[in-house]
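Fold and contact review
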Amino acid sequence: MKEFSPIIFKDGQLSLLDQRKLPVEENFIHCNTLEDGFKAIKDMVVRGAPCIGYSAIFSLALWLKNNKYDSKEFKKACLFLKGARPTAVNLAFEVDKVYSLCENLHDCEDENIFYKEVVEFGFLQLRESESNNRAMARFAHEELKDRYKNKKLNILTHCNTGFLACGSIGTALGVIQYLGEQKLIENVWVDETRPYLQGSRLTAYELTKLEIPHKIVVEGAASHLMSSGLVDAIFVGADRIVSNGDTANKIGTASLSIIAKYYNIPFYVVAPKSSFDIDSNSGDEIEIELRPESEITNYRDNQISPLTSEAFNPSFDITSGINITGIICEQKCLKPPYLKSIKEIFNGN
Ligand code: MRU
C-alpha cells in the first residue's frame, strides 16, 4: 500500500483529511484562510504533532496569500496560530521557522515571494519527514535485532503515529511498518486510546491498509498483556521531549511506561528533532492541553454518561525520562542519561 498524505496543498488551497470521521468516511476539509487552518488544528480535523506543524506552515502560507506582508501583523498571525494546541511543540517549531524565513525575505521587491517561499518550505518539510522517519525505523530495527535477533515480534503502541499523524510513514508506526516490510511482525497490540480513539479508529485503519496483523485492546489490558509475556517492545510517539528526556505524549503513555519498567519490557519513544524542546528542563514545564468534557461524556454526539456528571479530560501526560529505554530520532537512538545525550545531538556532536 502506498500511504496517502492527509495534507494536500494545491492551487492555493489547503485540504486536510478529516480524521474525526475516519474510518467511516474519507473526506477532505478545505481551508482558504489562516482561521480555517486554526480551526482545523484546534478541532482535530488534522492531528499528530508533525502534521499539526505542517498544517501550520500551509495555514501561514494562506495568510500570506490573503495579506500584504507586514512584520508586526504577521507576528500576530503566528501567535494566534500557536494557540491552537499547546502541547505539541512541532506547532511552535514550524511557526517560528516560517516567521524567521519571512523576516529574512523582508527586503525583497517581489510581493509574492513570501507566499511562494513558505509553500516551498512546507513541501520541503513534508519530503524530509519521509527520509527522517525511515532513518528512525532503521535505528529501531537495530535496537531490536540486538535483543531479539530475527524473532517475530509482538509490539504494543499507543495513540496514532502513522502517516495520518506524520504525513509520511510515521514515527512509532513507521517502525512497525518497517518491521512489517521485513516480515518481523507477529502482532501489533493497538491501544484503543480513550477518549478520542486514535488507536481503534486511526492506527487500526492504517494497519489494515498496510496489511499488518493487529488487535485492538483497551488501555487497561496493558498489565495483563505484559505479565503474560505477550509484549516484546513498546513504541510510542511524542508531542514534546524536554532536555532531561521527559516526554509529553497522549494520555495513558506514562502508565504504559511504568508497567513496562515493572515487567522489564523495552519502552521506546520515536520522534523527530522537531519534537524536542531543549529550552525546557523537565516535564513539569510542559503545558498539558485540556480538551472538552464532551469527548468523554459523549460518543459521536450521543450522551453516554449521566447528564449531570462532570468529566476531566487532560489530553497528554508526561512519561518520565527514567522510564524510557531509548529515544529514537533521525540522528540516532539516544540512551540515558538524556541530559547528556540530548545535549550532544543539539550541539552537533
Ligand atoms: O491529540 P493528538 O491525536 O494530536 O495526539 C497525538 C499523539 O499523542 C501522538 O502520539 C503524537 O503526536 C506523536 S505523532 C507522531
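Before reading on, note that the structure itself is shown above.
As a starting point, this report considers the structure included with it. (Residues numbered from 1 in each chain as written. Predicted model: local features only at pLDDT ≥ 70, side-chain atom pairs only at ≥ 80, totals over all residues. Heavy atoms only, no water.)

**Points about the sheet that holds strand β6 (residues 214–217)**
Paired through backbone hydrogen bonds, the strands of a sheet run either parallel or antiparallel to each other. Spatial strand order, β6-β5-β4-β7-β10-β15-β16: seven strands in an open sheet with mixed pairing. At either margin of the open sheet sits one strand with a lone partner, and together these are β6 and β16 (333–334). Relative to β16, strand β15 (residues 326–328) is paired through two bridges, and the arrangement is antiparallel. Bridging across to β16, isoleucine 328 finds its partner in cysteine 333. Here helix α7 (residues 172–181) sits on the sheet in contact with β4 (153–157), β5 (185–191), β7 (233–236) and β10 (267–270), set at roughly 160 degrees to β4. (Pairing = 2+ DSSP bridges. Helix = DSSP H or I, 4+ residues; strand = E, 2+ residues; numbered from the N terminus. Contact = heavy atoms within 4.5 Å. Axes fitted to C-alpha atoms, helices over the stretch in contact; angles between N-to-C directions.)

**Looking at the sheet that holds strand β1 (residues 7–10)**
The sheet built from three strands is open, its strands ordered β1-β2-β3 with antiparallel pairing. Across the chains shown, the open sheet's two edge strands, defined by having one partner strand only, are β1 and β3 (28–31). Here the strands of the sheet are splayed against their neighbours by 20 degrees on average, with no regard to which way each runs. The sheet contact formed by strand β2 (residues 13–17) and β3 spans four bridges and is antiparallel. For leucine 16, the partnering residue across the bridge sits in β3 and is isoleucine 29. Here helix α2 (residues 49–66) sits on the sheet in contact with β1, β2 and β3, set at roughly 20 degrees to β1.

**Focus: the site of the ligand**
Taken together, the neighbourhood of the ligand is formed by 18 residues, with Arg47, Ala49, Arg85, Asn249 and Lys250 sitting nearest. Here an oxygen atom of the ligand and a backbone polar atom of glycine 48 are 2.9 Å apart. Here lysine 250 contributes a side-chain N or O atom positioned 2.7 Å from an oxygen atom of the ligand. The protein chains hide 100% of the 410 Å² of surface that the ligand would expose on its own. Counting only elements with at least two residues in the shell around the ligand, the list comes to α2, α6 (163–166) and β9 (247–250). Looking at the shell around the ligand residue by residue, the class counts come to eight nonpolar, six polar and four charged. In this structure, the shell around the ligand is formed jointly by two domains, domain 1 (7–126) and domain 2 (137–346), each of which donates at least three residues. (Near = heavy atom within 4 Å. Polar contact = N/O pair within 3.5 Å; in protein donor to acceptor, adjacent residues only side chain to side chain. Areas by Shrake-Rupley, 256 points an atom, 1.4 Å probe, with all protein chains shown as cover. Nonpolar A, V, L, I, M, F, W, Y, C, P; charged D, E, K, R; others polar. Domains from an automatic or database assignment.)

**Thoughts on the pattern of salt bridges**
Per the counting criterion, the structure on display carries 18 salt bridges. Lysine 76 is the partner of glutamate 73 in a salt bridge, and the nearest nitrogen-oxygen pair spans 3.2 Å. Within this pair, glutamate 73 and its partner lysine 76 are both found in helix α3 (residues 71–82), separated by three residues, close to a single helical turn. For glutamate 73, a relative accessible area of 37% corresponds to the partly exposed category. Two residues, glutamate 344 and lysine 340, come together in a salt bridge whose shortest N-O distance is 3.4 Å. With a gap of four residues between them, glutamate 344 and lysine 340 both fall in helix α12 (residues 338–346), about one helical turn apart. Among the residues examined, glutamate 344 registers a relative accessible area of 27% and is labelled partly exposed. (Salt bridge = Lys/Arg side-chain N within 4 Å of Asp/Glu carboxyl O. Buried < 20%, exposed > 50% of the residue type's maximum accessible area, 1.4 Å probe, protein only.)

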